[in-house]
Amino acid sequence: MSIRWESLPVGIREQADGYVLQDRYMYAVRSVWEAGRAWGLGLREAQDLVGARYEYFGDRVVRTPDSPVDLDSLAARAAGFPGRVVAVEAVWDGDTVHDWFVVLLAITDAPAGEHQLATVYRGTAATVATRSGTALADHLGVPFHFASPDHPDDAAPRWRP
């Protein structure tokens, strides 16, 4: 069964459009899907309807700003984490909204942990993360690790001390 945008209640359309304009894709999909299930609307169709709203609004959508990846910003973030940074690592991740992206991490000791420095989206994510991660690692005098810079692999081996 196919449902058209105009057949959704006005309040649901306004709510979804509000989420779209704020670049909150998953919230918009959820509101459309939950309201349309009674008419047989599937999740995929809800995603398609919301995608069409993104196209409709175009540049009016207030996009979530990209993480800063300049050396000064990354170094400032790294300095604020608890523990000493012992490595900088880039790892692939992905979701249904952004497809594949790279997360740049600071690996610390005492306390041991990993802390998110930046998330890099776009087709050039691996190149940007490699350049920025290498620069930060050189600045901090620690190793940089990116197990799979040539293709997305969220199961690639992680950095080990």
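Let me sum up the structure you'll find in this document. Note that the structure is predicted; figures quoted are calculated from it, not measured. (Residues numbered from 1 in each chain as written. Predicted model: local features only at pLDDT ≥ 70, side-chain atom pairs only at ≥ 80, totals over all residues. Heavy atoms only, no water.)

Some details on the nonpolar core
Residues Val88, Val102, Leu104 and Leu117 are the most contacted members of the largest nonpolar core, which totals 22 residues. Among the elements of the structure, α4 (71-79), β1 (84-95), β2 (99-109), β3 (113-120) and α5 (125-140) are those that each provide at least two residues to this core. If one sorts the elements of this core by residue count, α5 sits on top with six residues. Counting residues in hydrophobic clusters, the runner-up holds 17 residues, among them Trp5, Leu8, Ala28 and Ala46. (Core = buried A, V, L, I, M, F, W, Y, C linked by side-chain atoms within 4.5 Å. Buried < 20%, exposed > 50% of the residue type's maximum accessible area, 1.4 Å probe, protein only. Helix = DSSP H or I, 4+ residues; strand = E, 2+ residues; numbered from the N terminus.)

Overview of the packing of aromatic side chains
As enumerated under the stated definition, the model contains six aromatic pairs in all. Note on Tyr19 and Tyr27: the rings are 5.4 Å apart at their centroids and 35 degrees apart in plane angle, and the pair reads as tilted. Owing to a relative accessible area of 35%, Tyr27 belongs among the partly exposed residues under this scheme. With centroids separated by 6.3 Å and ring planes inclined at 85 degrees, the aromatic side chains of Trp92 and Trp100 adopt a geometry described as edge-to-face. Judged by its relative accessible area of 11%, Trp92 is buried. An aromatic cluster is present here, built from Trp92, Trp100 and Phe146 joined pairwise through their rings. Against the face of Tyr27 rests Arg24, its NZ or CZ located 4.1 Å from the ring centre. It is Arg37 that lies over the ring of Trp33; its NZ or CZ is 4.4 Å from the centre. (Phe/Tyr/Trp six-rings, centres within 6.5 Å; stacked < 30°, edge-to-face > 60°. Lys NZ or Arg CZ within 6 Å of the ring centre and 35° of its normal.)

Observations concerning the pattern of salt bridges
This structure, assessed with the given rule, holds six salt bridges. Across the pair Arg63 and Asp23 runs a salt bridge whose closest N-O atoms are separated by 3.7 Å. Taken as a pair, Arg63 in the loop between α3 (43-57) and α4 and Asp23 in the loop between α1 (10-21) and α2 (25-36) lie far apart in primary sequence, 40 residues in all. Salt-bridge contacts for Glu114 lead to Arg158; the nearest nitrogen and oxygen are separated by 2.7 Å. Residue Glu114 is located in strand β3, and its partner Arg158 is located in the segment after β4 (144-145); the two are separated by 44 residues in the primary sequence. Residue Glu114 is classed as partly exposed on the basis of its relative accessible area of 44%. Linked by salt bridges that have partners in common, Glu89, Glu114 and Arg158 make up one network. (Salt bridge = Lys/Arg side-chain N within 4 Å of Asp/Glu carboxyl O.)

Focus on the environment of Thr64
In this structure, Thr64 sits in the loop between α3 and α4. Since its relative accessible area comes to 52%, Thr64 is described here as exposed. In this structure, the C-alpha to C-alpha distance between Thr64 and Arg24, residues 40 residues apart in sequence, is 8.7 Å.

What to know about the pairing of β2
Of all eleven residues in β2, eight are buried, a share of seventy percent or more. When β1 meets β2, the two strands line up antiparallel, connected through eleven bridges. In the strand pairing of β2, Asp93 is matched with Phe101. Examined bridge by bridge, β2 and β3 share seven bridges and lie antiparallel to one another. Counted as the bridge partner of Val102 is Val120 from β3. A loop of three residues connects β2 with β3, the two strands running antiparallel in sequence, and Ala110 in this loop sits at a positive phi of about 40 degrees. (Pairing = 2+ DSSP bridges.)

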